[in-house]
Amino acid sequence: MSQPLHIKSPWPSYEWPDNKQSAVLLSVDVDAHVPFMWANKDDIPDRLGTLEIRRFGPRTGLYRLLDLFARYGAKASFYVPALTAETHPEILDAILEGGHEIGLHGYFHEIVSEVSNEEFTGALEASIAFFVKHTGAKPVGFRSPAWEMTPHMLREVRRLGLGYDSSLSGFDHPYEIDGVVEIPVQWAIDDAIFFKFEGGGRDKWPYQSGRAVLQDWIAEWRALHHFGGLFTLTVHDWISGRAQRIALLEELLDTITAEKGTWIATAAEIAAHHSASANLGRFAVEGTVPDAIGKRRFGQGNG
């Protein structure tokens, strides 16, 4: 009987601190009402339904998440659009008092495809200035709204001296892209794709069973733990701050914290580990966009 074939990856195994086997990043995108404002930036509809759904986040949901993390002794990374913090300045103190990280997430949660390079740079610089003024510290990391990046954006993150980006998915552990440390994300463990329902008749997100999502997330964490990867959970204050989803997250954290071989850390801590460890340079890639294939044709001029 032949032996099973084991194909070795050309990439080395990722090394976590203190002989940990895997890592977990608990991240919260504190979007609140700001994506609605961006989507309707020239004319706000005279309707309260979606606004009130999203305002639940900074009123209640955020504090439930902070309480949840405190009960498990876990530190998280909160990505806050500057307009969210302008509207609800009290949330900044609450996040920092819990020992958590505040990261950049656009000024108006601006979508990459809808802004020029110059507008992106202006928004990023304004966001940094806002948080320096209101927290006394420059944020370490950036997460792009809707998780899209361009080569220009990576250059600006590097130029402005930010410690990492957390918007891309090229590995399932930290890596470098165009010289920027990348703390990867994954859509399958983002609550919005399952629960982003804002109103009957106008949503493309049907209601999902929380129980089914929980089982998928636990399965993903176990598999990533086996492979020595990073489990980046992304939740939103207005979505996962709801009662049933807090209960879901409790079960997930019960499972994760029962395993002593995983490291729960903020993105800033993970980026600092990457930059100071033997991992640096082992997983470096270029952030290139290939040429369009429109002019490539086969069989032309061959008779």
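Just above, that's the structure.
Since this is a predicted model, take the numbers as computed values, not measurements.

Rules used throughout
The residue numbers shown here count from 1 along each chain, following its written sequence. Under the rules for a predicted model, residues below a pLDDT of 70 receive no local features and side-chain atom pairs below 80 are neither given nor counted, while totals for whole chains, interfaces and linings still include all residues. Calculation of side-chain values draws on the structure's entire complement of heavy atoms; hydrogens and water are dropped beforehand. Helix numbers and strand numbers start at the N terminus; a helix is a DSSP run of H or I with at least 4 residues, a strand a run of E with at least 2. Should any heavy atoms of two residues lie within 4.5 Å, those residues are considered in contact. Buried residues are those whose accessible area, probed at 1.4 Å on protein chains only, stays under 20% of the maximum for their type, while exposed residues exceed 50% and partly exposed ones sit between those limits. By definition, the arc is the one covered by directions from the helix axis to the C-beta atoms. Whenever a nitrogen or oxygen atom comes within 3.5 Å of another N or O atom, the pair is scored as a polar contact, on the condition that within protein one atom can donate a hydrogen and the other can accept it, and that pairs from neighbouring residues in sequence are kept only if both atoms are in side chains. A strand pair is defined by DSSP finding two or more bridges across the two strands. Any carboxyl oxygen of Asp or Glu that lies within 4 Å of a side-chain nitrogen of Lys or Arg is treated as forming a salt bridge with it.

Participant: Explain the environment of Phe142 to me, and be specific about the residues and the numbers.
Facilitator: Counting through the fold element by element, Phe142 comes out in strand S4 (residues 141–142). Sequence separation of Phe142 and Leu253 is 111 residues, and the distance between their C-alpha atoms is 25 Å. If near-sequence neighbours (up to four positions away) are discounted, Phe142 is found in contact with Leu104, Gly106, Phe120, Leu124, Met149, Met153, Val157, Leu162, Tyr164, Asp165, Ser166 and Ser167.

Participant: Outline helix H11 (residues 267–276), listing residues and values.
Facilitator: Of the residues making up H11, those classed as buried are Ala267, Ile270, Ala271, His273 and His274. Projected down its long axis, H11 carries its buried residues within an arc of 160°, all on one side.

Participant: Describe the side chain of Ser167, naming the residues involved and giving the relevant values.
Facilitator: By secondary structure assignment, the location of Ser167 is in the loop between strand S5 (164–165) and strand S6 (175–177). Here Ser167 falls in the buried class, since its relative accessible area comes to 2%. Within the structure, the side chain of Ser167 is placed 2.8 Å from the backbone nitrogen of Ser144, a separation counted as a polar contact. In this structure the side chain of Ser167 is engaged in a polar contact, spanning 2.8 Å, whose partner is the side chain of Asp165. Among all residues touching Ser167, those that are not within four sequence positions of it are Phe142, Arg143, Ser144, Trp147, Met149, Glu182, Ile183 and Val185.

Participant: An account of the side chain of His236 is requested, with residue identities and associated values reported.
Facilitator: As for its placement among the helices and strands, His236 is situated in strand S8 (residues 230–236). A polar contact of 2.7 Å, which involves the side chain of His236, links it to the side chain of Asp191.

Participant: Can you explain the pairing of strand S2 (residues 77–80)? Please cite residues and give values.
Facilitator: Burial along S2 is two-sided: Ser77 and Tyr79 and Phe78 and Val80, pointing in opposite directions, are all buried. Pairing analysis gives 3 bridges linking strand S1 (residues 22–29) to S2, with the strands arranged parallel. Following the sheet pairing, Ser27 is matched in S2 by Ser77. Bridging between S2 and strand S3 (residues 101–104) involves 4 bridges; their strand directions are parallel. The partner of Tyr79 across the bridge, within S3, is Gly103.

Participant: Let's hear about the environment of Pro12: which residues, and what values?
Facilitator: Along the chain, Pro12 falls in the segment before S1. Spatially, the C-alpha atoms of Pro12 and Glu114 are 38 Å apart, while their sequence positions differ by 102 residues. In contact with Pro12, not counting residues within four places along its chain, are Arg282 and Phe283.

Participant: Give me the lowdown on the pattern of salt bridges, citing residues and values where you can.
Facilitator: The full count for this structure, using the stated rule, is 11 salt bridges. With its nearest N and O atoms 3.0 Å apart, the salt bridge here joins Arg143 to Asp29. Of this pair, Arg143 sits in the loop between S4 and helix H6 (151–159) while Asp29 is found in strand S1, placing the two residues 114 residues apart along the sequence. Here Arg143 falls in the buried class, since its relative accessible area comes to 0%.

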